[in-house]
Structure formats: structure tokens, C-alpha cells
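The residues making up each chain are set out below.
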Amino acid sequence: MVLISSRNEGTSANLAPMSSAFWLGWRAMLGLGVGSKTAQNLLRTGECVLNLPSDSMAPAVDRLALTTGADPVPASKQRRGYRHEPDKFGRSGLTPVDSETVEPPRVAECPVNMECVVEAVHPIADQDDALRGSTAAFEVRVQRVHVHESIRMAGTSDRIDPDAWRPLIMSFQKFYGLGAQLHPSTLASIPERLYRTADADRAREAPLAGRPTRLGAGTPLRQVTRAAGRCRGPRGGSRR
Ligand SMILES: Cc1cc2nc3c(=O)[nH]c(=O)nc-3n(C[C@H](O)[C@H](O)[C@H](O)COP(=O)(O)O)c2cc1C
């Protein structure tokens, strides 16, 4: 599970649960309904924080279910029982703390926070008249990572201890944690430095928050996709 924080039009923040995420190096692909407030905020500001909740946080995450920062509530969400919630942090009971390089706040209780910028937006089902414009894959680049000391691998500055990290996982719409590790992983024997790409250097040079936003207000999805496509960085290798 991921809790995405993003900035609304004013100074308030939005917070939304999502599970359709995968990771490639210092980038993530986020599958989002374009009608969500989160998607609209990402298109407008080009920024977000990906907060990873631990398995003990399922009740807080679930309090955000069927709520949206969008007002009015889109018809498709109304049909599913969604209601407008302007104060997602208050609703969840989670605590916002300032980020370093982006405007949206981080979630203090989440053991991992990743401050991100949107690099590209890839339309999904673009060839389908019925589905076009409804969902998109947001490619975001991580430029700052915060982790709780409790999950940092002892004696390292940049490794997570998988035996200490208990992520919240959604499987077919129900919440699960991890069981015990099943088998040693050969993949995990590859040195971390061999995964390093230019994105790691960019992350170190990320300017502090307060700089002008990367995308213009109200920029349509297709325009964003083309603009973002031009500033894609060099391709890094897959971890797999
Ligand atoms: C457990 C859970 C997982 C979800 N996963 C996704 C997802 O992967 N992609 C997505 O677009 N919406 C997902 N949703 C629905 C969003 O939370 C929903 O679209 C909501 O409107 C987002 O809030 P917002 O409109 O304020 O951005 C999920 C909701 C819950 C409760």
C-alpha cells in the first residue's frame, strides 16, 4: 500500500490510499484514476510524497477509503459511495510533517516517505473510446527518502532491514502483512552500488521546496505527457 500526499489548490494537502504501484530503481509507476483529486494534483503541481504504511496502520488507511478530496465528487465515485473529505489527514488521524524538496507534507507515522516529482504521464487504454482518459500511469522520480530508524539495517546508512519492515499489503481488496521469509533470495546478493543510476545523483542535488512548480496550472493530460516525455532521464537498468 502507498499513501500519496499531494498539494491541493490552496495550502491544504490531500492524502489518498493506492495499491497499484511498482518500483524501478529510483522511479515508481502509479496507476491512478484520472478523476481522483490526487491525479489532478499531480498533473497540476508535478509533485507528491509516497508514504509507505506498515501493517499496523491498516485502520488509519481504511479510514480514508471511500473519501475523495474532489469537490464535487465525480459521478463514478458517487455511484460507489464516495463522499468529499477536505481534511484527509484529520480523517485518517495521521500527522503531516514538512517535506524537504516538495510542497506536499509527509506522513510522520509511515516508516518510509519518498519525496517525488512527476517525470511522465502515460495514458492507459488510450486506443479504447470507452476507457480513454479514465486512468493513467504516473511515472515519478524519487528525490528524497526518509526512513524510520527502526527499519534501517544496523550499521548501514542506505539499506532497509527487510526483517524489520512490515509493509501493509492489499491483496484482492483485503489488507495483509508479510509472513516470515520463505527462502533466501539470490537477487539480494547483488551489491547495491550496481543498481545506482543518474537518478541517485539527481536526488542528492534536488533543490529545496519553494521553487516554481514544474507543470502549469490546468495543463491537460496529453500536453503533460508530451512535455514530461522530453525531460526523461537516461534509462537505468531494471533491478530484475
Ligand atoms: C486500499 C485502497 C487501495 C486503492 N488503490 C487504488 C489504486 O491503486 N489506484 C487508484 O486510482 N485508486 C485506488 N484507490 C482508490 C482511491 O483511494 C480513490 O480513487 C480516492 O478517490 C483517491 O482520493 P482522492 O480523490 O482524494 O485523490 C484505493 C483505495 C483504497 C482504500
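Preceding this section is the structure that the text describes.
Residues numbered from 1 in each chain as written. Predicted model: local features only at pLDDT ≥ 70, side-chain atom pairs only at ≥ 80, totals over all residues.

## Quick word on the site of the ligand
Then, number 1: The environment of the ligand is formed by 18 residues, the closest being Ala16, Ser20, Thr38, Thr68 and Gly69.
Then, number 2: Those elements that place two or more of their residues in the shell around the ligand are strand S2 (13-18), strand S4 (27-33) and helix H1 (37-45).
Then, number 3: When residues in the shell around the ligand are grouped by element, the largest group, four residues, is from S2.
Then, number 4: Residue classes in the shell around the ligand are distributed as seven nonpolar, nine polar and two charged. (Near = placed C-beta within 6 Å. Helix = DSSP H or I, 4+ residues; strand = E, 2+ residues; numbered from the N terminus. Nonpolar A, V, L, I, M, F, W, Y, C, P; charged D, E, K, R; others polar.)

## Focus: the environment of Leu208
Then, number 1: On the secondary structure map, Leu208 appears in the loop between helix H5 (198-204) and helix H6 (221-230).
Then, number 2: Judged by local crowding, Leu208 falls into the exposed class, with 10 C-beta atoms found within 10 Å.
Then, number 3: Note: C-alpha distance between Leu208 and Glu103 (105 residues apart in sequence) is 9.3 Å.
Then, number 4: Excluding its chain neighbours within four sequence positions, the residues that come into contact with Leu208 are Glu100 and Thr101. (Buried ≥ 20, exposed ≤ 12 C-beta atoms within 10 Å, placed from the backbone. Contact = placed C-beta atoms within 7 Å.)

## A few points about the pairing of S4
Then, number 1: Direction of pairing for strand S3 (residues 21-24) relative to S4: antiparallel, over a ladder of four bridges. Each bridged residue has a counterpart across the sheet, and for Trp23 the counterpart in S4 is Ala28. (Pairing = 2+ DSSP bridges.)

## Things to note about the sheet that holds strand S1 (residues 2-7)
Then, number 1: Spatially, the seven strands line up as an open sheet ordered S2-S1-S5-S10-S11-S4-S3, and their pairing is antiparallel. With partners counted over all chains shown, the strands left at the sheet margins are S2 and S3, one partner each. Adjacent strand axes in the sheet meet at a mean angle of 30°, parallel and antiparallel pairs treated alike.
Then, number 2: Bridge count for S1 against S2 is six bridges, and the pairing is antiparallel. Bridging across to S2, Ile4 finds its partner in Ala16.
Then, number 3: Seen against the sheet, H1 touches S1, S2, S4, strand S5 (47-52), strand S10 (112-124) and strand S11 (135-147) and runs at an angle of roughly 50° to S1. (Axes fitted to C-alpha atoms, helices over the stretch in contact; angles between N-to-C directions.)

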